[in-house]
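Observations on the three-dimensional arrangement
Residues per chain, in single letters:
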Amino acid sequence: MQRYLSGFLAFSFVLLGFVSTAQDTSNVTSVDPDLLNINSAKIPKEYTIHSITVTGINTLDTGIVQSISGLQVGDKVMLPGGEAFSKAISNLWKQRLFANVQVFLTRVEGNSIDVEINVQERPRLANFKFVGATKGQAEELQGKIGLAKATIITENMKRNAVEVIKKFFAEKGFLNTQVRIEEQADRTLANSRSLTFFIDKGDKVKISDVVFYGNQDVSSAALKKKLSNTKEKSRFDFSPDSIPHPYGAVIRPTVHDYLSNYGFLYPSKTKEFLDPYVKLRPFSGAKFNQSKYEEDKEKVVAYYNSLGFRDAQILQDTLTFNAEKNRMQVHIKVKEGDKYYFGNIAWKGNTKYPDSVLAAILNIKKGDTYNIDLLNKRLGKQLSPEGGDISGLYMDEGYLFFRVEPVETAVYNDTIDYEIRVTEGPQARIRNVNITGNDKTKDYVIRRELRTVPGNLFSRSDLIRSQRELAALNYFNQEKINPNVVPNQDDGTVDITWDLEEKSSDQLELSAGFGGGIGFTGTLGVTFNNFSIKNIFRKEAWDPLPMGDGQKLSIRYQSNGSYYHSYNFSFTEPWLGGKKRNSLTLGANSSKFSNGGYNPYTGRIDKAAADTSYLKATTVFVSLGKQLKWPDDYFSLVYSLNYTRYDLWNYNIFAGLDSRNRVASNNVSLRLGLQRSSVFDPTFPRSGSNFSATVQMTPPYSLFNKSLEKSANPYKTPEYHKWRFNSEWFVPIGKPMGAEKSRQFVLKLAAKYGFIGRYNKKLEISPFERFQLGGDGMTNYSGVLGYDIVALRGYPVFDVSDPTVNNADQTSTSQFFTIFNKYSMELRYPIVTQPASTIYALTFFDAANGWYSFKDYNPFRLRRSVGVGMRFFLPMFGLLGFDYGVGLDRIQAGAGLKNASRFTFMLGVEPE
């Protein structure tokens, strides 16, 4: 029987009572008489579906299409008047898989009918691209637009894509972006299309003016500072244009209007310098972003609230746009309202602490400017890691269920009285402490750092301190160390789960080269920061290394061919005995400098003469550290016993010492160090400080052996006392930015001082353990002599003593100073803060100098430098970084920066 299309039977659909197509179709040239008899019938009759055929399918399964339609063989349908076929079309249309849906009756025989479901599948997405966007913009759009290959192309999908593109460029200041979509068939996938988005960004729209109206008590300049993302374009505009007032007639601004709008509250002082119509915009402007503009308006209202204007509101704001110049004016009309003040503050419900204690912590007195945000912050309704609020006071004593609510009790004139209602609740004890995510690190290594111990009262400060201690280990992703606190008010307990994400903290140092006549040069070093020495002989623990006990093992070899060899080894157990934070460090190193057989007369290498001139140093040391409880538990005391033997052969580096024969020196010293550290993120500290004061002493040999004063080798048993002071502060600047609030400017301030003295005035100051300044601060041959190598970016080594004296005129003794000062300041900004890597940029200012004696010491005579740098922390390589510094005191007239600037590189550790 011939198939009949629904487009031809449009008049019959009314009689049949159902719609058989989702779109118009072509006409049919012939009609079955039996079907016409059905269509002409006026009394509904029941028919049975004998068969169902699905046509038009390209990729879908026919059974699925039939199942979605809801029609089944054997179903009873009423014709005309039934709803079975209209529901079938509706069900298929809802799936958004088809561009057209039709239902045909292909046979009618008695009470039996055959049904055909004809569909036209929507095309699928084969590929898409952007034309008119940069490569970087296209990559960002791919993540935002949400398109994936092989998905169904719908009008809604294309419309959403266009909206996302326009919004993306609008946030960048392109408010007039136009998008056109071109659709082409693609042969790589059946029934597929490729989409090309043609993007016309147009020009950026800049804000020419931001004008406030209605502000009487707060200047426009102060309000504009709160519009951090809505700024005026920077320029000096001397045109006397009128400003169209959006709330009235066009106004011609006076000098007072302009000056007050830009922060000059006393125009009479500047009137003689300025034309009446000069618009001053001394700072750079910003593009317009609608969403950020809405946020900025909220900041304006919040700022008014913080000043006591709790009824302040923005009555109206208008944006006027000049299409020809792509300029926008922002007009904001505010209503300030009255300024309010705090009145009487009463306490209710507190039994643990008296009113006087709570009032002292709140520190809000009658007559203070009303600020609801400040009140909530002091009450602890806005949790702060620093504590110092009412909630923190209670929660540190176990009152986890503590609640506090400020309630206005009276508002009279410009004064507001408050009643602070306190619900203390029961004290909560810690029941269970669970740890998850530590695949390598042993539980006990983590638990010994935690202050949240089962059975103890809950303490918010202990929780925050535990979080910081775990971050300081550098075994875990600092951004994801968040305890899950689950209180149980029924039994007054709390469960804490530490969900951790491990990261690699081991470091590899590797470099190599080969030179003719020199041989192998390079460095090979490994540092395991979470080592397990007790499992080193257990084969099953090597996966790939025995790890997880929190110990540190470092091995390093460095060579410069036949000229220099160095071996270093150290091992640290941070919890000696396992019960207290008492550290033990054992270490040894051996270094040798020689002439490598170089003959200065022939300019050649003579391997037979390789050991005819050398300097050799061998060191062993043991160090014990102890955490203190007073003044607070951030303090620690470190004892270190050091022994170094120096061997010299034809190596004249000390004045007055004949080393043509072998000379030996034995340096035994005791080092005491008091330090305090509240920095918990070693890779990128955001807050806290580091302080250390150390003294290193040898026995006063000359007091017991006067013959040393006349000895040919006064350095056989060197004597000295050496003092060091270091301090660092990390101060966050501004508010955290980024999606995870992990990007924030941090200011680092540092000051360092060092001095080495002698016991006996008849002896020279020890040639060992002095200070070397300049260069990149990396270890060089001076490190063999125990020198503290202090970096000064922008200056070569030794070029730091007297800024008023030419470097060529300086004596050799000024190379190794006995006194030094250094001050530095860095402004840092994180670019990447992920477990896989931490990257930040910095700009710096350094000032330092060294002196040979106190007679010449002048702490204000310093070498200064400025510059920029980058730091990269990679899991296996540790620190990689570089700085570009300009020595300000090396700049010579007419020479520019060519001879005054230097690049410095660092690997492994931050130079001192």
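What you see is a predicted model, and the numbers here were worked out from it, not measured in a lab.

Conventions used here
Residues numbered from 1 in each chain as written. Predicted model: local features only at pLDDT ≥ 70, side-chain atom pairs only at ≥ 80, totals over all residues. Heavy atoms only, no water. pLDDT = per-residue confidence, 0-100. Helix = DSSP H or I, 4+ residues; strand = E, 2+ residues; numbered from the N terminus. Contact = heavy atoms within 4.5 Å. Core = buried A, V, L, I, M, F, W, Y, C linked by side-chain atoms within 4.5 Å. Buried < 20%, exposed > 50% of the residue type's maximum accessible area, 1.4 Å probe, protein only. Expected span 1.5 Å × (residues − 1). Pairing = 2+ DSSP bridges. Axes fitted to C-alpha atoms, helices over the stretch in contact; angles between N-to-C directions.

1. A short note on the confidence of the model for the protein chain
Caution applies to low-pLDDT regions: their predicted coordinates should not be interpreted in detail. Here the protein chain shows a mean pLDDT of 81. Residues at 70 or above account for 81%. Averaged over each element, pLDDT in the protein chain is lowest for helix α1 (residues 10–16) (32) and highest for strand β11 (residues 341–348) (96). Low confidence marks residues 1–37, where pLDDT is under 50. Its contacts with residues over four positions away, or in another chain, come to 82 contacts. Below pLDDT 50 for its whole length, residues 800–814 participates in 31 contacts with residues either more than four positions away or in separate chains.

2. With respect to the nonpolar core
The nonpolar side chains of a soluble globular protein tend to be buried with one another. Within the largest apolar cluster, 23 residues are counted, with the highest numbers of intra-cluster contacts made by Leu71, Phe85, Ile113, Val115 and Ile117. No other element matches strand β3 (residues 98–109), which puts five residues into this core. Here Ile117 is in contact with Ile52, Thr53, Val54, Thr55, Ser69, Leu71, Leu92 and Gln102, once residues within four sequence places are set aside.

3. As for helix α9 (residues 290–306)
End to end, α9 covers 25 Å across 17 residues, agreeing with the expected 24 Å (1.5 Å per residue, within 8%). For α9, the set of buried residues is Tyr293, Asp296, Lys297, Val300, Tyr303, Tyr304 and Asn305. Next to the buried residues of α9 lie β8 (206–213), α7 (220–226), β9 (313–322) and β10 (327–335). The positive-phi residue at the C-terminal boundary of α9 is Gly308, with phi of around 100 degrees.

4. Details of the sheet that holds strand β15 (residues 482–488)
Judged by pairing direction, the sheet is mixed, and its three strands sit side by side in the order β14-β16-β15 without closing on themselves. Edge strands, defined here as strands with exactly one partner in the open sheet, are β14 (429–436) and β15. Across the sheet, the mean angle separating the axes of adjacent strands is 20 degrees when strand polarity is ignored. Pairing analysis gives seven bridges linking β14 to strand β16 (residues 493–499), with the strands arranged parallel. Bridging from a neighbouring strand, Asn432 pairs with Asp495 of β16. Its contacts with the sheet place helix α14 (residues 460–473) against β15 and β16, and it is angled at close to 15 degrees to β16.

5. A look at the sheet that holds strand β12 (residues 403–412)
Strand order in the open sheet formed by three strands is β11-β13-β12, and the pairing between neighbours is mixed. A single partner strand is all that each edge strand has here, and the edge strands are β11 and β12. Put simply, the sheet's adjacent strands are angled 25 degrees from each other on average, direction ignored. Here β11 runs beside strand β13 (residues 415–423); their pairing, made up of six bridges, is parallel. For Lys348, the partnering residue across the bridge sits in β13 and is Arg421. Sheet strands in contact with helix α11 (residues 372–379) are β11, β12 and β13, and its direction is about 150 degrees off that of β12.

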